[in-house]
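Listed here are the chains, written in short residue letters.
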Amino acid sequence: MYALVDCNNFYVSCERVFQPQLEGQPGVVLSNNDGCLISRSDEAKALGLEMGAPYHLVRAQLQAQGVWVRSSNYALYGDLSRRVVEVLGLFTPDVEVYSIDEAFLDLAGLGYIVPDLEAYAARIRATVQQYVGIPTCVGVAPTKTLAKLANRLARRTGTRVMVLATAAEQQLALAATPSGSVWGIGRRYARKLLEADVHTAADLAAQPEAWVRRHLGGVVGVRLWQELRGRPCLGFAGPEWDDDGQLLPARSAKHTITCTRSFGRPQQELEPLREAVATFVARAAEKLRRQDGAANMLTVLLGTRGPTATARSTTHTAVLALPDATSSTPELTRVAWQGLQQLWRANTSYYRAGVLLGGLEPAGQPQLSLFGPTPEAQARQQHLMTALDIVNKRFGRDAVRCAATGQKKPAWSGRAAFRSAQFTTSWPQLWTVA
């Protein structure tokens, strides 16, 4: 059996943990640069506020209806997500983090000591609420897909906990779930299923295997179909931690690594852009080293806008080949600055920038160039980067950083007019009780 634990309105719930006066009040959390709504409380949803709505378009409505607003605070969200996962580890050693607010638990082998799965799921939910302060929903079923479906129904029906242990319970849940809401069914396939008169998950599960293989993406569709019929087909993986403190599922190494940001205000001068690009390189290089990789290609991106507010933005890119595959922040920064110099134009306003690392390969197995650095020099650089990562992991991000990244609060940083304190990850911002 698998359990899926999903944190309710996670970013909003994180804000409420240390600001209890926000409980019961409609509230929203904004994306980077205070761009759009990315998390809404149940009260805000009831007011008709849409996910992804641009903040500047709904600002008047938020003020008129007394909706509290917070800028995204990923340091807080990532730390509370980590704490939730630690609590889940008290119930089973096998925890797979699916996203920052969702995790699968493998309950196989607990049948003899946990005869009542519904009571166990309720205990998981109560413990997370007590230890971390985050409300959750828990769905339990024989497969991951059914557990996801059970979790969705638990939230929709208000029960907060749902167990689909028997074939009859599973059939009722499948009949109550639209086919387009099944985990893994995208918009295109949702339309295709409706055209084929497959309206519910039960209708999909009742189709013959040959039909599913032909109309639902071959082997991938068959696996989903089997999961709906109670046959586990999806593997189980351990957690991976993002450099922003966010929890991600363990996957195979990425083929590209990207770090981009919008600026709080447009930038024209070269020096702030150099600092921004150096910062993005540092973030991307940390991710690259975490997956024990090295990059052969680097792309620099600069974004501009047209003369009017409604004009479409344009992204300018410079692609550079690295002399030798590397994960060294200084080396990548040096090459990124070359690309920036190619793109930058005087008297041009830039609204966003970023870097993309490509041509990734395992570190320690590079294709050496004839006139490149010696293996000894590469080893010294690798030891330096390892030490940098260890120090920053122990003492906090940017405890040690390259001077090229500039000031702590750069001119290009995004807007965050409503950001709350980093209550758990910054000594000066710890919660105080009067």
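So, how was this worked out
Residues numbered from 1 in each chain as written. Predicted model: local features only at pLDDT ≥ 70, side-chain atom pairs only at ≥ 80, totals over all residues. Heavy atoms only, no water. Helix = DSSP H or I, 4+ residues; strand = E, 2+ residues; numbered from the N terminus. Rg over C-alpha atoms; globule rule 2.2 N^0.38 Å. Contact = heavy atoms within 4.5 Å. Areas by Shrake-Rupley, 256 points an atom, 1.4 Å probe, with all protein chains shown as cover. Lys, Arg positive; Asp, Glu negative; His and termini not counted. Charge placed at Lys NZ, Arg CZ, Asp CG, Glu CD. Polar contact = N/O pair within 3.5 Å; in protein donor to acceptor, adjacent residues only side chain to side chain. Buried < 20%, exposed > 50% of the residue type's maximum accessible area, 1.4 Å probe, protein only. Pairing = 2+ DSSP bridges. Axes fitted to C-alpha atoms, helices over the stretch in contact; angles between N-to-C directions.

Draft legend 1. The arrangement of the overall build of the protein chain in detail. A tally of helices and strands in the protein chain yields 14 helices and 15 strands. The C-alpha radius of gyration of the protein chain comes to 24 Å, within 12% of the 22 Å expected for a compact globule of 434 residues. In terms of principal-axis extent, the alpha carbons of the protein chain reach across some 65 × 55 × 45 Å. Considering only contacts within the protein chain whose residues lie at least 6 apart along the sequence, 67% involve residues at least 24 apart. Only carbon and sulfur atoms are counted for the fraction: they give 53% of the accessible area of the protein chain, which is about 22100 Å². Separation between the mean location of the 47 positive side-chain charges and that of the 37 negative ones in the protein chain comes to 5 Å.

Draft legend 2. Quick peek at the side chain of Ser99. On the secondary structure map, Ser99 appears in strand E5 (residues 95–99). A polar side-chain atom of Ser99 sits 2.7 Å from a polar atom in the side chain of Asp101.

Draft legend 3. Layout of the pairing of strand E1 (residues 2–7). Buried residues dominate E1, accounting for 6 of its 6 residues. Alternating residues of E1 divide into Tyr2, Leu4 and Asp6 and Ala3, Val5 and Cys7, and every residue in both groups is buried. With 6 bridges connecting them, E1 and strand E7 (residues 136–141) associate as antiparallel partners. Residue pairing for E7: Tyr2 is matched across the bridge by Ala141. With 5 bridges joining them, E1 and strand E6 (residues 102–106) adopt antiparallel strand pairing. From the neighbouring strand, Leu4 faces E6, where its bridge partner is Phe104.

Draft legend 4. Structural context of the pairing of E6. For E6, the tally of buried residues reaches 5 of 5 residues, placing the bulk of the element in the interior. Burial of the side chains of E6 extends over both faces: Glu102, Phe104 and Asp106 are buried on one face and Ala103 and Leu105 on the other. One ladder, built from 4 bridges, connects E5 with E6; its direction is antiparallel. Paired with Glu96 across the bridge in E6 is Phe104.

Draft legend 5. Structural detail: the sheet that holds strand E8 (residues 161–163). An order of E5-E6-E1-E7-E8 is seen for the 5 strands of this open sheet, with the pairing classed as mixed. Every interior strand has two partners, whereas the edge strands, E5 and E8, have only one. If you compare each strand with its neighbour and ignore which way they point, the axes differ by 15° on average. Judged from the 3 bridges that link them, E7 and E8 form a sheet pairing that is parallel. If you follow Gly139 over to E8, its bridge partner there is Met162.

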